[in-house]
Amino acid sequence: MVFFLIVMSAVGCVSHAPESRSTIPADLAPCPDSPNCVSTKSKDPDRAMTPLPYLTSGRKSLDCLVAIIRDMKRATIVSAAPSYLHVEFRSALFRFVDDVEFVLDDPARLIHFRSASRAGYYDFGVNRRRMKEISDRFLRLIKKKED
């Protein structure tokens, strides 16, 4: 058990941020072959999730997402732009980092997202559960605004 903890700590220390983007991405990167990623753009049913609908506008939609994320533990907003949001989530124990990106699709009035672990192979469903939580909270806010 002690050996496992040492190895897991070491793996967490070697992870690094994805290459810095000099421009806002127009689209999301595809998920890697590892099962530690989910995306609204994935064709693989094991990695696919449903994009979120806009509120009244893209800006209000991103503002809503920012409010949800600020309410979540161990979340850091790395960058925000009118059509893009990048957030880092850290695990409580080993401080592993997962990158979450949101990209607005104005013509379709949808919010696409991708959540992926920086290190390791398995995430034990953490990225899917997190994005389901964010999606559920976002959809509840939409329903509340419609009522």
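The structure we're discussing is the one just above.
Bear in mind that the values here come from a model prediction, so they are computed numbers and not experimental data.

Caption draft 1: Spotlight on the environment of Leu104. Structurally, Leu104 is set in strand 5 (residues 97-105). Residue classification places Leu104 among the buried residues on the basis of a relative accessible area of 11%. Each C-alpha atom of the pair Leu104 and Pro51 lies 9.9 Å from the other, and the pair is 53 residues apart in sequence. Discounting chain neighbours no more than four positions away, the residues touching Leu104 are Tyr54, Gly58, Leu62, Pro82, Ser83, Leu110 and Ile111.

Caption draft 2: Region of interest: the layout of surface pockets. Estimates place the volume of the largest pocket at around 590 Å³. Surrounding the largest pocket, 23 residues form its lining, Ser91, Phe96, Asp98, Asp123 and Val126 being those nearest its centre. Going through the elements one at a time, helix 1 (2-14), strand 4 (84-90), strand 5 and helix 3 (126-146) are the ones with two or more residues in the lining of the largest pocket. By residue number, the principal contributor to the lining of the largest pocket is helix 3, which donates 3 residues. A class-by-class count of the residues in the lining of the largest pocket yields 12 nonpolar, 3 polar and 8 charged.

What counts, and where the lines are drawn
- Residues numbered from 1 in each chain as written.
- Predicted model: local features only at pLDDT ≥ 70, side-chain atom pairs only at ≥ 80, totals over all residues.
- Heavy atoms only, no water.
- Helix = DSSP H or I, 4+ residues; strand = E, 2+ residues; numbered from the N terminus.
- Buried < 20%, exposed > 50% of the residue type's maximum accessible area, 1.4 Å probe, protein only.
- Contact = heavy atoms within 4.5 Å.
- 1 Å grid on protein atoms, 1.4 Å probe; cavity = no way out; pocket = protein on both sides within 12 Å on 5 of 7 lines; lining within 4 Å.
- Points joined across faces, edges and corners; volume = space filled by probe spheres on them.
- Nonpolar A, V, L, I, M, F, W, Y, C, P; charged D, E, K, R; others polar.

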